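Structural description and commentary
In case you want the letters, here they are:
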Amino acid sequence: MAKLRKASAYSKKRVTPYTRTSKKKGRAYIKTLPPQKIVKFVMGKGKNLSYILRIVADEKCQIRDNALESCRQFINKKLEKGLAGNYIFKVVPFPHHIQRENKMLTGAGSDRMQTGMQLSFGKTVGKAAILKKGSGIFHIEVANPKAVKLARESVKKIKSKLPCKIKILEEKR
């Protein structure tokens, strides 16, 4: 399996959304779409959930689908273990933006085999969600203050997996 570039190569860059594929394969710049890594967008079920936690981006960034998926798995596991299904957890952004990489060869004689910046469009390597400041990343609904504390702790642990600063906003219905 090919190794991914660091997220810093993509996350803070000013980017134009790159999402379109042509129905005719010959005309498309995007020949193949990378697979969707996020398995579920809505998890848990419950009634009388009076506390809402919204995790929002505090700056503009791109979040890769594999980062969203790893955060989803971690938070869902903690909530399921602590609250036994009495919660609702949603992943808000959908990764539409297709990321490309112009792979460069290294080693002796590689300059003879490579085109350099000619034909540097790149091949697709993954998907990302483009977020603006203040847009939601996760949405968690829980029943009581003890559950809010558990959800906050699990969100604080995933901060290092996300490429941007985040805020946790709490509301009571």
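Structural data are supplied above this passage.
Residues numbered from 1 in each chain as written. Predicted model: local features only at pLDDT ≥ 70, side-chain atom pairs only at ≥ 80, totals over all residues. Heavy atoms only, no water.

A look at empty space enclosed by the protein
Empty space among the atoms can be located by rolling a probe the size of a water molecule over them. Filter applied, for reference: Only protein atoms enter the 1 Å grid, on which a cavity is a set of points fitting a 1.4 Å probe that cannot get out and a pocket is an open set with protein on both sides within 12 Å along at least 5 of 7 lines, lining residues being those with an atom within 4 Å of a point. Grid points are joined across faces, edges and corners, and a volume is the space filled by probe spheres set on the points. Numbered from the N terminus, helices here are DSSP runs of H or I no shorter than four residues, and strands are runs of E no shorter than two. By the convention adopted, Pro, Cys, Tyr, Trp, Phe, Met, Ile, Leu, Val and Ala count as nonpolar, Lys, Arg, Asp and Glu as charged, and the other residues, Gly among them, as polar.
Enumeration over the complete set of coordinates arrives at one cavity of 30 Å³ or more. What lines the largest cavity is simply Leu 4, Lys 37, Arg 64, Asp 65, Asn 66, Gln 99, Val 125, Gly 126 and Lys 127. Among the elements of the structure, helix 1 (65-83) and strand 6 (123-131) are those that each provide at least two residues to the lining of the largest cavity. Examining the composition of the lining of the largest cavity, we find that three residues originate from one element, strand 6, more than from any other. Of the residues assigned to the lining of the largest cavity, the class counts are two nonpolar, three polar and four charged.

Remarks on a positive patch on the surface
Keep this limit in mind: Only residues above 30% relative accessible area that lack a salt bridge enter a patch, with like-charged residues linked at up to 9 Å and the nonpolar side chains Val, Leu, Ile, Met, Phe, Trp and Tyr linked at up to 5 Å. Every accessible area reported is derived by Shrake-Rupley at a probe size of 1.4 Å, with residue values counting cover from the shown protein chains alone. By convention in these notes, a salt bridge is any Lys or Arg side-chain nitrogen within 4 Å of a carboxyl oxygen on Asp or Glu. Charge assignment in this entry is limited to Lys and Arg as positive and Asp and Glu as negative, and neither His nor the chain termini are counted. Where a charge lies is defined by one atom per residue type, namely NZ (Lys), CZ (Arg), CG (Asp) and CD (Glu). Only protein chains enter the accessibility calculation, which uses a 1.4 Å probe; a residue is then buried when its area is under 20% of its type maximum, exposed when over 50%, and partly exposed in between.
A contiguous patch of positive charge, built from Lys 77, Lys 78, Lys 81 and Lys 157, is present on the exposed surface. With three residues, the single largest contributor to the positive patch is helix 1. Following the sequence through the fold, Lys 81 ends up in helix 1. By relative accessible area, which is 75% here, Lys 81 ends up exposed.

Points about the environment of Lys 13
As for its position among the elements, Lys 13 is in the segment before strand 1 (42-43). The spacing of Lys 13 and Lys 60 is 47 residues in sequence and 9.0 Å in space, taken between C-alpha atoms.

A closer look at unusual backbone geometry
Leave glycine aside and you will find that most residues have negative phi; peptide bonds, for their part, are mostly trans. A positive phi angle is found at Asn 48, which is not glycine, with a value near 55°. Tracing the backbone through its elements, the reader meets Asn 48 in the loop between strand 1 and strand 2 (51-57). A positive phi angle is found at Ala 84, which is not glycine, with a value near 55°. Inspection of the secondary structure puts Ala 84 in the loop between helix 1 and strand 4 (88-91). Since its relative accessible area comes to 64%, Ala 84 is described here as exposed.

Quick notes on the sheet that holds strand 3 (residues 61-64)
Rules: Whether two strands pair depends on DSSP finding at least two bridges between them. Between N-to-C directions, angles cover 0 to 180 degrees, with each direction set by a line fitted to C-alpha atoms, over the stretch in contact for helices. The contact criterion used throughout is that any non-hydrogen atoms of two residues lie within 4.5 Å.
If you walk across this open sheet you meet the three strands as 3-6-5, and the pairing is antiparallel. At either end of the open sheet lies a strand with only one pairing partner, and these are strand 3 and strand 5 (97-101). The sheet shows a mean angle of 50° between the axes of neighbouring strands, taken without regard to direction. Most of the contacts of helix 1 go to strand 3, to which it runs at about 65°, and overall it touches strand 3 and strand 6.

Considering the sheet that holds strand 7 (residues 136-142)
Pairing is antiparallel in the open sheet, where five strands are placed in the order 1-4-7-2-8. Because the sheet does not close on itself, it has two edges, and the strands there are strand 1 and strand 8 (166-172). With two bridges joining them, strand 1 and strand 4 adopt antiparallel strand pairing. The partner of Val 42 across the bridge, within strand 4, is Lys 90.

Some details on the packing of aromatic side chains
What counts here: Here the aromatic set is Phe, Tyr and Trp, taking the six-membered ring for Trp, and pairing holds for ring centres within 6.5 Å; pairs whose planes are under 30 degrees apart are stacked, those over 60 apart are edge-to-face, and all others are tilted.
For the structure on display, the rule yields two aromatic pairs. For the ring pair Phe 41 and Phe 94, a centre distance of 5.4 Å and an interplane angle of 25° mean the geometry is stacked. Taken together, the residues span a long stretch of sequence, with Phe 41 in the segment before strand 1 and Phe 94 in the loop between strand 4 and strand 5 at a distance of 53 residues. Relative accessible area serves as the criterion here: at 40%, Phe 94 is assigned to the partly exposed category.

Function-wise, these values are silent; they only describe arrangement.
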